[in-house]
Each structure stands twice: as C-alpha cells, then as structure tokens.
Amino acid sequence: MTESKRHSIFLGIATIFLFFNSAGLPDGLLYTTLLAPVFLLFLLNQKGIRTYLLFLLATGALGMAHAVTGIDDPFSYVRSFAMLQAVAIFTIIMYNALPGQLEQAGTFKILATVNLLLLGICLLLRFIPGGTDLVWYTVPISPGVPVVPRLKMFAYEASYYSLLITPLVLYYLLKCWLCKAKVGILFLSLILSLLLSFSLGVIAGIVISLLLMIIFRFNTIHKKLLVRWILIASVLLIILTLGLYVFYPQNALFLRLHNIWAGKDTSARGRTYEAFTIAWEVAKMKSLYWGTGPGQLKSLGRDYIIQYYHYAHIPQTVRIPNAVAETLSIYGIAGLIIRFGLILFLFIRTRVWNNYYRLSLFIFMFIYQFTGSFISNTAEYMIWAIAFCPGILRAFEVPPKKETHDESTVYQQG
C-alpha cells in the first residue's frame, strides 16, 4: 500500500471519528465500536497486538476479581467489557498510525476545513424549521437558565463534540502563537465552533492547560509573543464581558456561572465532587479495592443515584460523568492505581514535556478527566494517544534553552 493511500485511509477514518462517529446510532454506540472486529483483524498483523494483549490480560485479571466478589448483571458486564476492548483496539491502531500521518501535509488543514463546511451547514439548519434538533443540543444546562441551542454537529452531545475538536483548536492556537502563523478562517471557525458548543468545561480546560504549559515551559517561550497574545486575549475578554454586561446582563453565560458559584448547577456538581461521592458509595457495594465491574452501575447504583438527586422524573439511564470517578466505581482503588500509574509512566517514557503541543494536550486531558468524560470515551483516549506519541509535530518541539522561536519555525502543516 502506498503512503498516499495510507494517508487517504487515515483522513477518512479521522473525519468519520471526529464528525460522524455516532451519526444515526443509539446513544453510546459508535461506528468505530461496530467495526472493532475489522480493526482487530488489522491489528493482528501490527506491532500493537502485544500492547492490546497486555490490556486484555489486565482487564481479564480484574474480571476474575469481579467474578470472585460477584457479578449482578453478567450480560451488561460482557457488553461493557467488549466495548472497552473495542476502544482499546481502535486507540492502539490510531496511535501506531499517528507518527506517520499527522506529519503529512494538510492533515490538520483538511480536518479543520471539514469542520468549517459542517459549521456553515449547521448555522443554516439553525434557521430552518426542524433543523435545530438535528445538529444543535437543546437540553437545559442549568436551573433557571433558558435553553440555549449548543452546537453538537453529528455528535450525541455538545460537550462531546467540543472534546473531539480540542486537538484541532490547540493545534491552531499554538500555530498562531508559537509559530507566528497568521490568523485565518480555519482558526476563527474552530474558535467559533468551540464557543457555540458552550461547553464551559472544555473551554476552561483549554485555557488552564495553556496557562500551565506557559508556567512549566516559561524559560523556553518567546516572551514578546507571550505578552502580545496575553494582551490580545485580555482585551477581547474585557470587551466581551463588558458588552454582555451592558447589553445582555441576563445572558446564559452569566446565569450559569452564577449557578456554578452558588452550587446550584447540577451538571457542574455531578461532574466533579458529587461524582466521587457516588462512585465511592457504589464501589463499596461490592469492593472498594476492585470496584463493581463494567456495566454494573445500572443494577447496583441506579437506586442510590436516584435517591441522591431526588429526581422528579426518573431518567432511563444513570451514569457517573467523570472518568476518574467512574474508574473508581468500576475498578476500585486498583483501577485508580493502574490508571495514574500508566499516565505517569507514559508521561516520563515519551518525554511529553519536550513538545508544547503534546504537553498542552496532556495537561488538558489530565484536568478534564476529573471534571467529565467516561471510562470508555474514545475521544479521551485519542487525546491521550496524541499526547503520548513522541516524534510528532516537531515544529512544536521545545528548543534548547538558549534558543527561541523565530520566523523560520513557522509550521507548514496547514
């Protein structure tokens, strides 16, 4: 297979993954999950098969512990276990492909262009009767806050869409900042997409990750560029805040921030500290050390969660919308040790700190896992995969201490 054909296949898979992976499917189901058997056959001939066998061995060993403590719903266990395997298989295949494909000319430009075209379609659908429900998320986000249509494109939720495009957003932000590339329509369309998704968790995570990256790599960052971008961002933020305060003081952003500050935002509470409270209590129902096992939350924790929140209308499904807390619930303390042990090992092994882009993605995902996501979230693992992939996007490599970025470092990727 020629390199050009490999790149075309990679772009096709990446486009489906970013924009159409859940289109037309029931909640929780993805095309990459359905294609897991095909991906597994492909993986058998790749070096990543050893990595997958280690994952299968680890999850299988934890499964034996769950069999000892007792499995209440075997069917749900097997189904959720299979979904975890599908996520692992897809992540390993894409991880192996990243070094050769992300460096190909136009990769990011093509994906950002697809997002731009779809954004235009979504904006048109917003004003067509019946079109809003197709690509906009219209679920209430906070008590007392009017329903604000949030851009989700063909994903099942606005926050999930914003998480999917985070690597694109950070890439163009760093390209404009570190590499002095001109701000273009693709950069602006990604920022607009992020704002229209109205996912405060993702937006805050991106801002915090950039600030922490600056602190960690302060000695190697071009100070004049840093001051320039801080001034630009500060001015834009002040103008936006004053404009909303003067002309639209009862806007959804201010109302939701007020609810979060007052502790009235159930979404923010449920994604943070309450998720850990629930996960701890659910894990105790079987074993704090080994957890309850995949797919057992519905049978073990449903009644507890319903009582905890005093639902007026009982939801069909209940979940813990926090990746770390859900890990505690499913795999207990052992799962948390494995999770953070692996993150630390890969951080050191792949020397994440030597690349601005990978470091930004790592910080973002490390923070976000405490405020959202879930244990079988393919989007999360793809961000981890990019962060832990050494040798990619060398234009963002941290220069020696005595060097700074200059005009010659402008990245030509697109």
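Residue positions are counted from 1 within each chain, in the order its sequence is given. Per-residue local features of the predicted model are confined to residues with pLDDT of at least 70, and side-chain atom pairs are confined, for both listing and counting, to 80 or more; whole-chain, interface and lining totals are unaffected and use all residues. Hydrogens and water are ignored here; the side-chain numbers use all heavy atoms of the structure.

S.K.: For this particular structure, what's the right way to read helix α19 (residues 356-368)?
M.R.: In an α-helix there are 3.6 residues to a turn, and that puts residues three or four apart on one side. By definition, any uninterrupted DSSP run of H or I lasting at least four residues is a helix, any uninterrupted run of E lasting at least two residues is a strand, and each is numbered from the N terminus. What a helix should span is 1.5 Å times the count of its residues minus one. If you check α19, its first and last C-alpha atoms are 18 Å apart, about what 13 residues at 1.5 Å a residue would give, namely 18 Å. Only protein chains enter the accessibility calculation, which uses a 1.4 Å probe; a residue is then buried when its area is under 20% of its type maximum, exposed when over 50%, and partly exposed in between. Among the 13 residues in α19, eleven count as buried, and that is most of the element. Considered for burial, the residues of α19 that qualify are Y356, Y357, R358, L359, S360, L361, F362, I363, F364, M365 and Y368. Of the residues that open α19, the one with a side-chain oxygen 2.9 Å from the backbone nitrogen of Y357 is N355. Under this definition, polar contacts are N or O atom pairs within 3.5 Å; protein pairs additionally need one hydrogen-donor-capable and one acceptor-capable atom, and for neighbouring residues in sequence, both atoms have to be side-chain atoms.

S.K.: Explain the side chain of S373 here, please?
M.R.: Among the structural elements, S373 can be located in the loop between α19 and α20 (378-387). At 3.0 Å, the side chain of S373 forms a polar contact with the side chain of N377. At 2.4 Å, the side chain of S373 and the side chain of E380 are in polar contact.

S.K.: When you look at a nonpolar patch on the surface in this model, what are you seeing that I'm missing?
M.R.: Together, W280, Y289, W290, I333 and I337 give the surface a local cluster of nonpolar side chains, amounting to about 550 Å² of exposed area. Relative to the helices and strands, I337 is located in helix α18 (residues 323-349). Patch membership requires over 30% relative accessible area and the absence of a salt bridge. Like charges are linked within 9 Å, and nonpolar side chains (Val, Leu, Ile, Met, Phe, Trp, Tyr) within 5 Å. Note on areas: Shrake-Rupley with a 1.4 Å probe; residue coverage comes only from the protein chains shown. Any carboxyl oxygen of Asp or Glu within 4 Å of a side-chain nitrogen of Lys or Arg constitutes a salt bridge here.

S.K.: Hey, could you run me through the packing of aromatic side chains in this one?
M.R.: Aromatic rings considered in pairs are described by the distance between their centres and by the relative angle of their planes. Each Phe, Tyr or Trp ring, with Trp reduced to its six-membered ring, pairs with another whose centre is within 6.5 Å; inter-plane angles below 30 degrees give stacked pairs, above 60 give edge-to-face pairs, and intermediate values give tilted ones. Tallied over the full model, the rule gives 23 aromatic pairs. Ring geometry for F340 versus F370: centroids 5.8 Å apart, planes at 20 degrees, classification stacked. Placement of F340 in helix α18 and of F370 in the loop between α19 and α20 is noted, with a sequence separation of 30 residues between them. Residue F340 is classed as partly exposed on the basis of its relative accessible area, which comes to 25%. Taking relative accessible area as the criterion, F370 reaches 30% and is therefore assigned partly exposed. Grouped by ring-pair contacts, the aromatic residues F276, F340, F347, W353, F362, F366, F370, W384 and F388 constitute a single cluster.

S.K.: Got a minute to help me understand helix α10 (residues 185-197) in this structure?
M.R.: Here α10 contains 13 residues, and its C-alpha end-to-end distance of 18 Å stays within 8% of the 18 Å for a straight helix at 1.5 Å per residue. Contact definition: two residues touch when any of their heavy atoms are within 4.5 Å. Against the buried residues of α10 lie α6 (107-125), β2 (150-151), α8 (158-164), α9 (166-178) and α11 (200-216). Looking one or two residues past α10, F198 carries a phi angle of roughly 55 degrees, positive in sign.

S.K.: How do you make sense of the side chain of S159 when you look at a structure like this?
M.R.: For S159, the position within the fold is in helix α8. A residue is classified by how much of its surface remains accessible, and S159, at 8% relative accessible area, is buried. A distance of 3.2 Å separates polar atoms of two side chains, one belonging to S159 and the other to E157.

S.K.: Quick question: what am I supposed to make of the nonpolar core here?
M.R.: Where a protein is soluble and globular, its nonpolar side chains tend to be buried together. Here, nonpolar core means buried Ala, Val, Leu, Ile, Met, Phe, Trp, Tyr and Cys residues that are tied together by side-chain atoms lying within 4.5 Å of each other. Core analysis: the largest hydrophobic core is formed by 83 residues, its most contacted members being I206, M213, Y357, F362 and F396. Setting aside residues no more than four positions away along its own chain, M213 makes contact with L174, W177, I221, Y356, L359, S360 and I363. In terms of nonpolar packing, the next biggest core, distinct from the first, is built from ten residues, A275, A279, V282 and V318 among them.

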